[in-house]
Amino acid sequence: MKTMYQKIWEQHEVVPESADTPAVLYIDRHLIHEVTSPQAFTLLRQRGLKLRRPELTFATIDHSSPTRTEQIFGGAPIAIESAARQISELERNCAEFGVQLLGLKHPQRGIVHVIGPELGLTLPGCTLVCGDSHTSTHGALGALAFGIGTTEVAHVFATQCLLQRRARTLAIQVSGTLAEGVTAKDLILAIISRIGVAGGTGHVIEYRGSAVTALGMEERLTVCNMSIEAGARAGMIAPDEVTYAYLQSRPRMPRGAAWRDALQYWGSLPSDADAHFDSEVQLDGAAVEPMITYGTHPGMAVPVSGSIPDNSSDPVFVHALSYMGLKAGQPIADQRVDVVFIGSCTNGRLSDLRSAARVLAGHKIARGVRALVVPGSQQVKQAAEAEGLDRIFREAGAEWRESGCSMCIGMNGDTVEKGQYALSTSNRNFEGRQGPGARTLLVSPLTAAASALRGCVTDPRELMGV
Amino acid sequence: MQPIRQIRSRTAVLPASNIDTDQIIPARFLRTTSREGLGKNLFNDWRYDGNGAPRLDFALNDPATAGCQILVGGRNFGCGSSREHAPWALLDYGFRAVISSEIADIFRNNSLKNGLVPVLVDEATSAWLLAHPGAEVTIDIDRTTLTLPDGRSVRFPLASFDRYCLLNGVDELGFLLDKLPAIEAYEARSAQLRQQYA
């Protein structure tokens, strides 16, 4: 009778919730990065506190880190001084408080939401938090994972716990299977455009149904990653054989008898057949098409083959279109593209790079288009290079960089210029997200690659013979 | 955190819905290691043009909003990133409360932890406030009411724990640290389950 969320919640209740006080919830894994942790370390210093369980906290550098090889490995200074300061402060803090840091030159460094699953830090049934809203990503393995603020980062440092109230549950049931050329990114954009950017507020989403269980592990990560874009703090998918196969080869996995014990626990996690969800949404997976955003939040999305709707009576819609320089009723295909960004915690994994490379192989990016491919982690980078994907990108005319958040958020100087149209595989098309005045259209790696070749928004199925 | 009992102020109004934390404080201002001084970049790209000159059509550049301590925003205020820099910037600028018909979860949590009062109101009240910038209203934490200029009061939801923390200036870390015996007991009873995280 219990949902997976309920089961994990109850396993981690140190003190249950009451009418007067929130629950004290135990946190198994704490991931930190350079942007949202410094003020939390300061708080510890002010109070004379230490990390209660330093072995459960892992640090990486991703948001402010340069992606140019020479600035990481070649001795060139980090171009942005404030970024360099933030990075060295994290190094100092981790050394002082005994936190394991995957530093700038570490071969396992990468975007926090790429390396968590990749290293086996994220396990089914665990509670995992990070001072980063895209922590929802990790729920794809059947973890309860959510983003927190910096004050809460300090709470976890000092107590390994958080004060939390139980969320409502939302089941998103996707039947059928996705058609060829339609990806997990298209599915989640379709879901957000259906339920809205506040459709998940106050809820934890569980994605279910045949179209979801048919997804590979990396695709599931893409879906859960954008749960926050629907306002939900967490998104989850029940662990199954796909999850276990993915986990088995991870460096930090339990081995032998411990692995068998873990499997038994993980097998008990999926929601019971008669579990009650507070709300439920049904979608037909077969009807989902390659999707693209046209506005200034991720819910403003249409099929690549469609047209921008006309909501001219809504001042927010009118403002968004004016910012984007687009017209109501305009078909979105053939819209000019200036920049293509392939990467981020949404779509910076090996399978994403493979699908982009599949479209780009043997072709040249259209003249005037700048394409940037940024792997989600150094391990993704090495794996991609081992199978020659970097050569495909370079020969097509794209830039191939070191890992990091890069142009998704532009904190490291990888930005889109004012007025430029950027087709981006990232997660947010907010005004100025990729640089002041930048115009972001969110798409899948397939659509990004196809559009890079044509220089305009292109349905990837046209180039894939689908 | 200072105890807060009542906030009485004129409102500044930003009617757009879905005001995300990238608008409240753009990412390039997060390359700081301090929580101080973020107010000067609050709503930076709406407040200033590319040359740093104030945009005269932006509400916070209207001299009438000077000194306003209450910000009224459209539906789904504070969506997007978990950056606590958003409430830090609002507080540093001088705001003490945000009113909206929907407030994003993480922003709401972050606000409460810093003494920025999130006030969730019904659509009709929100519509009235959005249409009447500069209205003098009173937020009463103890009674969890918002009182409009005509004297009408509406209740807003505030969990008793959050209300207690705001009224008494209690910070949650102290509360959590008091739970250490329970945390140790939990660690002991879940030791087997937690072996996989070792």
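Only a predicted model underlies this, so the values are computations on that prediction, with no experimental measurement involved. (Residues numbered from 1 in each chain as written. Chains lettered and ligands numbered in written order. Predicted model: local features only at pLDDT ≥ 70, side-chain atom pairs only at ≥ 80, totals over all residues.)

1. What about the overall build of chain A?
This is how the line gets drawn: Secondary structure follows DSSP: runs of H or I at least 4 residues long count as helices, runs of E at least 2 residues long count as strands, and numbering of each begins at the N terminus. The globule rule used for comparison is 2.2 Å times the number of residues to the exponent 0.38, while the radius of gyration itself is calculated over C-alpha atoms. Counting other C-beta atoms within 10 Å of its own, a residue is labelled buried from 20 upward, exposed at 12 or fewer, and partly exposed in the gap between, with every C-beta atom placed from the backbone. Remark: residues whose backbone-derived C-beta atoms lie within 7 Å of one another are considered to be in contact.
What chain A contains, in helices and strands, is 18 helices and 19 strands. On C-alpha atoms alone, chain A measures out to a radius of gyration of 21 Å, which is about the 23 Å that the 2.2 N^0.38 rule sets for 466 residues. Over its C-alpha atoms, taken along the principal directions, chain A stretches across nearly 55 × 55 × 50 Å. Within chain A, buried positions represent 61% of all 466 residues. Partitioning the contacts of chain A with sequence separation of at least 6, the portion at a separation of at least 24 is 75%.

2. Focus on the overall build of chain B
On a plain count of helices and strands, chain B comes out with eight helices and seven strands. Summarising its shape, the C-alpha atoms of chain B cover approximately 60 × 45 × 25 Å along the three principal directions. Classification of the 198 residues of chain B by burial places 45% in the buried group. Nonlocal contacts in chain B, meaning residues at least 24 apart in sequence, comprise 67% of its contacts between residues at least 6 apart.

3. Points about the interface of chain B and chain A
Using the following cut-off: Residues are grouped as follows: Ala, Val, Leu, Ile, Met, Phe, Trp, Tyr, Cys and Pro are nonpolar; Asp, Glu, Lys and Arg are charged; every other residue, Gly included, is polar.
Between chain B and chain A, the residue contacts involve 45 residues of the former and 62 residues of the latter. Residue assignment for the side of chain B that touches chain A shows that the elements contributing at least two residues are helix H1 (21-24), helix H4 (105-112), helix H6 (160-168), helix H7 (172-177) and helix H8 (180-189) of chain B. For the side of chain B that touches chain A, a count of residues per class yields 16 nonpolar, 15 polar and 14 charged.

4. Thoughts on the sheet that holds strand S12 (residues 279-284) of chain A
All names here are of chain A. Test applied: Strands pair, by our definition, only if DSSP identifies at least two bridges between them. Interaxial angle, 0 to 180 degrees, is taken between N-to-C directions of lines fitted to C-alpha atoms, where a helix line uses only the stretch in contact.
Within the open sheet, the four strands sit side by side as S11-S10-S9-S12. Their pairing is parallel. For this open sheet the edge positions go to strand S11 (234-236) and S12, each flanked by a neighbour on one side alone. Pairs of neighbouring strands in the sheet enclose a mean axial angle of 20 degrees, with direction left out of account. Direction of pairing for strand S9 (residues 168-175) relative to strand S10 (residues 203-208): parallel, over a ladder of six bridges. Following the sheet pairing, Gln173 is matched in S10 by Arg208.

5. Here's the deal with the sheet that holds strand S19 (residues 439-442) of chain A
The sheet built from five strands is open, its strands ordered S17-S16-S15-S18-S19 (chain A) with parallel pairing. The sheet terminates laterally at strand S17 (399-400) and S19 of chain A, the two strands that pair on one side only.

6. Regarding the nonpolar core
Counted only if it meets this: A set of buried residues drawn from Ala, Val, Leu, Ile, Met, Phe, Trp, Tyr and Cys, joined through C-beta atoms within 7 Å, is what defines a nonpolar core.
Grouped together as the largest cluster of nonpolar side chains are 199 residues, with contacts concentrated most on A:Leu187, A:Ile292, A:Val340 and B:Val98. Looking at this core element by element, the count peaks at eight residues for helix H7 (residues 184-195) of chain A. A:Val340 has contacts with A:Val369, A:Ala371, A:Leu423, A:Ala448, A:Ser451 and A:Ala452, leaving out every residue within four places of it along the chain.

7. Regarding the environment of A:Asp62
All names here are of chain A. By the element assignment, Asp62 lies in the loop between strand S4 (57-60) and helix H3 (69-72). Through-space distance from the C-alpha of Asp62 to that of Gln86 is 11 Å; in sequence the pair is 24 residues apart. Every residue in contact with Asp62, bar those within four places of it in the chain, is listed here: His33, Gly110, Ile111, Val112, Gly404 and Cys405.

8. Some details on the domain arrangement of chain A
Residue and element names in this part refer to chain A. Just so we agree on the cut-off: Note that the domain bounds reflect an automated or database-derived domain assignment.
Each assigned domain of chain A is listed here: domain 1 (20-164), domain 2 (168-287) and domain 3 (291-464). Computed over C-alpha atoms only, the centres of domain 2 and domain 3 are separated by 24 Å. Opposite the 18 residues of domain 2 that make contact, domain 3 presents 19 residues. Here the side of domain 2 that touches domain 3 takes six residues from H7, the largest share from any one element. Along the lines of polarity and charge, the residues of the side of domain 2 that touches domain 3 split into six nonpolar, seven polar and five charged.

9. Looking at the packing of helix H14 (residues 350-360) of chain A against helix H16 (residues 389-396) of chain A
The geometry of a pair of packed helices is captured by two quantities: the angle between their axes and the separation between those axes. All names here are of chain A. Test applied: By the definition adopted for this analysis, an angle is roughly parallel if under 35 degrees, roughly antiparallel if over 145, roughly perpendicular if from 65 to 115, and oblique otherwise. Handedness of each helix crossing follows the sense of rotation of the near helix against the far helix: counterclockwise by less than a right angle gives left-handed, clockwise gives right-handed.
Contact pair H14 / H16: the axes reach a minimum separation of 10 Å and the direction vectors enclose 45 degrees. Here H14 lies oblique to H16, going by the angle between them. In this structure, H14 crosses over H16, and the sense of that crossing is left-handed. Contacts from Leu353, Arg354, Ala357 and Leu360 of H14 reach H16 at Leu389, Ile392, Phe393 and Ala396. In terms of residue class, the contact of H14 with H16 is built from seven nonpolar, no polar and one charged.

10. Concerning the pairing of strand S1 (residues 6-14) of chain B
All names here are of chain B. When S1 meets strand S5 (residues 136-140), the two strands line up antiparallel, connected through five bridges. From the neighbouring strand, Gln6 faces S5, where its bridge partner is Asp140. Pairing of S1 with strand S2 (residues 70-73) involves four bridges; the strand directions are parallel. Following the sheet pairing, Val13 is matched in S2 by Val72.

11. Points about helix H10 (residues 241-248) of chain A
All names here are of chain A. Filter applied, for reference: What the arc covers is the set of directions going from the helix axis to the C-beta atoms.
All of the buried residues along H10 are Thr243, Tyr246 and Leu247. Seen from one end, H10 has its buried residues packed into an arc of 95 degrees, which puts them on one side. Turned more than 90 degrees away from the buried face of H10, the exposed residues are Glu241, Ala245 and Gln248. Buried residues belonging to H10 abut helix H9 (217-225).

12. Points about the confidence of the model for chain B
To keep it simple, the criterion reads: A residue's pLDDT is simply how confident the predictor is in it, with values from 0 to 100.
For chain B, per-residue confidence averages 96 on the pLDDT scale, and 100% of positions sit at 70 or higher. Taken over the whole predicted complex, pTM reads 0.97, whereas the ipTM for its chain interfaces reads 0.97.

13. Observations regarding unusual backbone geometry
At A:Gln160, a position not held by glycine, the phi torsion is positive, near 65 degrees. For B:Asn18, which is not glycine, the phi torsion reads 55 degrees and is therefore positive. Its location among the elements puts B:Asn18 in the loop between S1 and H1. The exposure class of B:Asn18 is buried, given the 28 C-beta atoms found within 10 Å.

14. Digging into helix H5 (residues 123-131) of chain B
The α-helix winds at 3.6 residues per turn, so residues separated by three or four positions along the chain end up facing the same way. All names here are of chain B. Every buried residue of H5 is listed here: Thr125, Ser126, Leu129 and Leu130. End-on, the buried residues of H5 take up no more than an arc of 135 degrees, which puts them together on one face. For H5, exposure combined with an orientation more than 90 degrees from the buried face picks out Glu123, Ala124 and Ala131. The secondary structure elements touched by the buried residues of H5 are S1, S2, strand S3 (97-100) and strand S7 (153-155).

15. Structural notes on the environment of A:Val340
All names here are of chain A. Among the secondary structure elements, Val340 is positioned in strand S15 (residues 339-342). For Val340, a count of 30 C-beta atoms within 10 Å corresponds to the buried category. For the pair formed by Val340 and Gly110, sequence separation is 230 residues and the distance between their alpha carbons is 21 Å.

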